[in-house]
Amino acid sequence: MPAPKVRLVSHRKPIHGWPTDSISIDFYKGEADNVDASPSHNKCKPNLILIFIPGNPGLIEWYSDTLVKIVEQLGVGYAVRGISYAGHGAGDDVIGSADDHKHSFVNTSGHQDVVGTKMSVSWTLEGQIKHKLSWVDDVIEEWKVEFRTSSQPTAELPRLIFVSHSFGAYLVQHMLLRRPALLQQTQQIIHLMPFIRFDPPPLQKTVLSKLAHSYEYTIPMLSNSVWALTSTLPRKLIDIYLNKVVGLECDKGRKITLDVCTHPNMIRNHLILGFEEIRELPELTNDVAFRLIGKTCPTSILFCGCPDQWAPLSHMEELKELKSKAQISNIHCVYMESLTHDFVVHPEMIEPVVGFCLDQIKRPRLL
């Protein structure tokens, strides 16, 4: 009998009423080289599922190769589920229409939903939290359908390991605090360069804050400017610029970046959420969140080198200080100077991040 093989399956289906891209990574029994020849009944039962929440602009495709490497090295018994943000992706059905943008734009300012919109969730902080919770509910329900049988109708649910990047950490914290039962089911949390507070150096803070608070004007201006530039330049020329000047050596990463920056509605969705992050995220560490979560499961955090305005080294030092004063507990921080915040588009940085995740998942857990 050949050893089980890892298969990645991409999905585009409604989550909380909105078309959304997601991925499933599982071990399958059999010799098939494609998932179509390995039906659901050949899927190995996972006892631990890694739930991955990306950072803004929230495209799961950027992370699929990294997540495959992680589950391959963990082995049978593990699986991964990952999701894009509502309103983020490639394709008009995912990105939405003018009415959908108006709905999210108005909702960002705290007003009521636009009457007549087909959206059940807007592309705001609140909307994204609801969207991810609905998706996790679907993941758990899918597991019940596939692995609870007539002989085991009450088989124990799998344990969850939440893995996040950048702003995904903020979403994970709020998801778990809203759902105590979900937190109880969670074995571990891993944050990669978490953007959970907005406290960059003074100059960047001033500029970004002014842009974010004037979003009614800056979002149309910026999205139209980027669109005007990218629509007039050959795609090949932009690709060369991203590769040689920006330093995005990953072919897949550049393709996804091109798909994002050459669609004006996707640029707008990214800015709607990004500027709300800047306006709404706290300046100080939410020690209450860490304290409440730490009572149930451990959190491991990876910080990177270079000046990282989203997850600077000073945030790690503050967390360590809070831990030393017993104000938070059950938290472990690691610093890797060779990494940058956008590690996922730099092939040479993938293995260190994979290694960190594997080390944290396998290390003894002490509550």
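Residues numbered from 1 in each chain as written. Predicted model: local features only at pLDDT ≥ 70, side-chain atom pairs only at ≥ 80, totals over all residues. Heavy atoms only, no water.

Draft legend 1. Looking closely at the overall build of the chain. When helices and strands are tallied, the chain shows 14 helices and 8 strands. Relative to its 367 residues, the chain shows a buried fraction of 54%. Of the roughly 16,500 Å² of accessible surface on the chain, 56% is carried by carbon and sulfur atoms. (Helix = DSSP H or I, 4+ residues; strand = E, 2+ residues; numbered from the N terminus. Buried < 20%, exposed > 50% of the residue type's maximum accessible area, 1.4 Å probe, protein only. Areas by Shrake-Rupley, 256 points an atom, 1.4 Å probe, with all protein chains shown as cover.)

Draft legend 2. Layout of the nonpolar core. Counting 100 residues, the largest nonpolar core has Leu50, Ile51, Leu67, Phe162, Phe167, Leu192 and Phe343 as the members making the most contacts within it. Top element by residues in this core is helix H4 (residues 125-147). It accounts for 9 residues. In this view, Phe343 contacts Tyr63, His165, Leu192, Met193, Met349, Ile350 and Val353; residues no more than four positions away in its chain are not counted. (Core = buried A, V, L, I, M, F, W, Y, C linked by side-chain atoms within 4.5 Å. Contact = heavy atoms within 4.5 Å.)

Draft legend 3. Main features of the pattern of salt bridges. Scanning the model with the defined rule gives 19 salt bridges in all. As a salt-bridge pair, Lys43 and Glu146 come within 3.0 Å of each other at their nearest N and O atoms. Here Lys43, found in the loop between strand E2 (18-28) and strand E3 (48-53), pairs with Glu146, found in helix H4; they are 103 residues apart in sequence, far enough to count as distant. Residue Lys43 is classed as buried on the basis of its relative accessible area, which comes to 9%. For Arg291, the salt bridge is made with Asp287, and the minimal N-O distance between the two is 3.2 Å. Of this pair, Arg291 and Asp287 both sit in helix H12 (residues 287-294), 4 residues apart, which is roughly one turn of the helix. (Salt bridge = Lys/Arg side-chain N within 4 Å of Asp/Glu carboxyl O.)

Draft legend 4. Here's a closer look at the packing of aromatic side chains. Tallied over the entire structure, the rule returns 4 aromatic pairs. Their ring planes at 50° and their centres at 4.7 Å tell us that Phe52 and Tyr63 sit as a pair that is tilted. Here Phe52, found in strand E3, pairs with Tyr63, found in the loop between E3 and helix H1 (64-74); they are 11 residues apart in sequence, far enough to count as distant. For the pair formed by Phe52 and Tyr63, the shared burial category is buried. Here Trp143 and Phe147 contribute two aromatic rings whose centre-to-centre distance is 5.8 Å and whose plane-to-plane angle is 45°, an arrangement assigned as tilted. (Phe/Tyr/Trp six-rings, centres within 6.5 Å; stacked < 30°, edge-to-face > 60°.)

Draft legend 5. Structural detail: the side chain of Gln173. Position of Gln173 among the secondary structure elements: in helix H5 (residues 168-178). Gln173 sits in the buried class, given a relative accessible area of 5%. With near-sequence residues (within four places) excluded, Gln173 lies in contact with His191, Ile196, Ala289, Phe290 and Ile293.

Draft legend 6. Representation of the packing of helix H9 (residues 235-246) against helix H10 (residues 251-261) in the model. As a packed pair, H9 and H10 sit with axes 10 Å apart at the nearest point and diverge in direction by 125°. Here H10 runs oblique to H9, going by the angle between their axes. Crossing geometry of H9 relative to H10 is assigned as right-handed. In this structure, H9 uses Arg235, Ile238, Asp239, Leu242 and Asn243 to contact H10, whose residues at the interface are Arg254, Lys255, Thr257, Leu258 and Asp259. Here the residues of the contact of H9 with H10 are counted per class, giving 3 nonpolar, 2 polar and 5 charged. (Axes fitted to C-alpha atoms, helices over the stretch in contact; angles between N-to-C directions. Parallel < 35°, antiparallel > 145°, perpendicular 65-115°, else oblique. Left-handed = near helix turned anticlockwise from the far one by under 90°. Nonpolar A, V, L, I, M, F, W, Y, C, P; charged D, E, K, R; others polar.)

Draft legend 7. Just unusual backbone geometry, in detail. A cis amide bond links Asn56 with the next residue in sequence, Pro57, at an omega value of 20°. Looking at where Pro57 falls in the secondary structure, it is placed in the loop between E3 and H1. The backbone of His16 shows a phi angle near 55°, a positive value even though the residue is not glycine. Here His16 is to be found in the loop between strand E1 (5-15) and E2.

Draft legend 8. Main features of the sheet that holds E3. Strands sit in the order E1-E2-E4-E3-E5-E6-E7-E8 across an open sheet of 8 strands; the sheet is mixed. Only two strands of the sheet have a single partner each, and these edge strands are E1 and strand E8 (331-336). Ignoring strand direction, the axes of neighbouring strands in this sheet form an average angle of 15°. Of the pairings in the sheet, the one linking strand E7 (residues 299-304) to E8 comprises 6 bridges and is parallel in character. Considered in E8, the bridge of Ser300 is made with His332. (Pairing = 2+ DSSP bridges.)

Draft legend 9. Spotlight on helix H7 (residues 202-213). In this model, H7 (12 residues) spans 16 Å end to end at C-alpha, consistent with the 16 Å of a helix rising 1.5 Å per residue. Taken residue by residue, H7 has Lys205, Leu208, Ser209 and Ala212 as its buried positions. For H7, the angular spread of the buried residues around the axis is 105°, confining them to a single face. Exposed side of H7, more than 90 degrees from the buried face: Leu203 and Lys210 are the residues found there. (Expected span 1.5 Å × (residues − 1). Arc of directions from axis to C-beta.)

Draft legend 10. Focus on the pairing of strand E5 (residues 159-165). In terms of burial, E5 is a largely internal element, 6 of the 7 residues being buried. Across 6 bridges, the pairing between E3 and E5 is parallel. The residue bridging Ile53 from the neighbouring strand is Ser164, located in E5.

Draft legend 11. View of a nonpolar patch on the surface. There is a patch of nonpolar side chains on the surface, built from Leu177, Val288 and Leu292 and spanning about 220 Å² of accessible area. For Val288, the location among the structural elements is in helix H12. (Patch = residues over 30% accessible without salt bridge, like charges linked within 9 Å, V, L, I, M, F, W, Y side chains within 5 Å.)

Draft legend 12. Representation of the environment of Met336. Along the polypeptide, Met336 turns up in strand E8. A sequence separation of 33 residues divides Met336 from Phe303, and the C-alpha atoms of the two residues are 6.3 Å apart. Excluding anything up to four places from it in sequence, Met336 contacts Leu302, Phe303, Cys304, Gly305, Pro352 and Phe356.

Interpretation note: all reported values are geometric properties and have no functional meaning in isolation.
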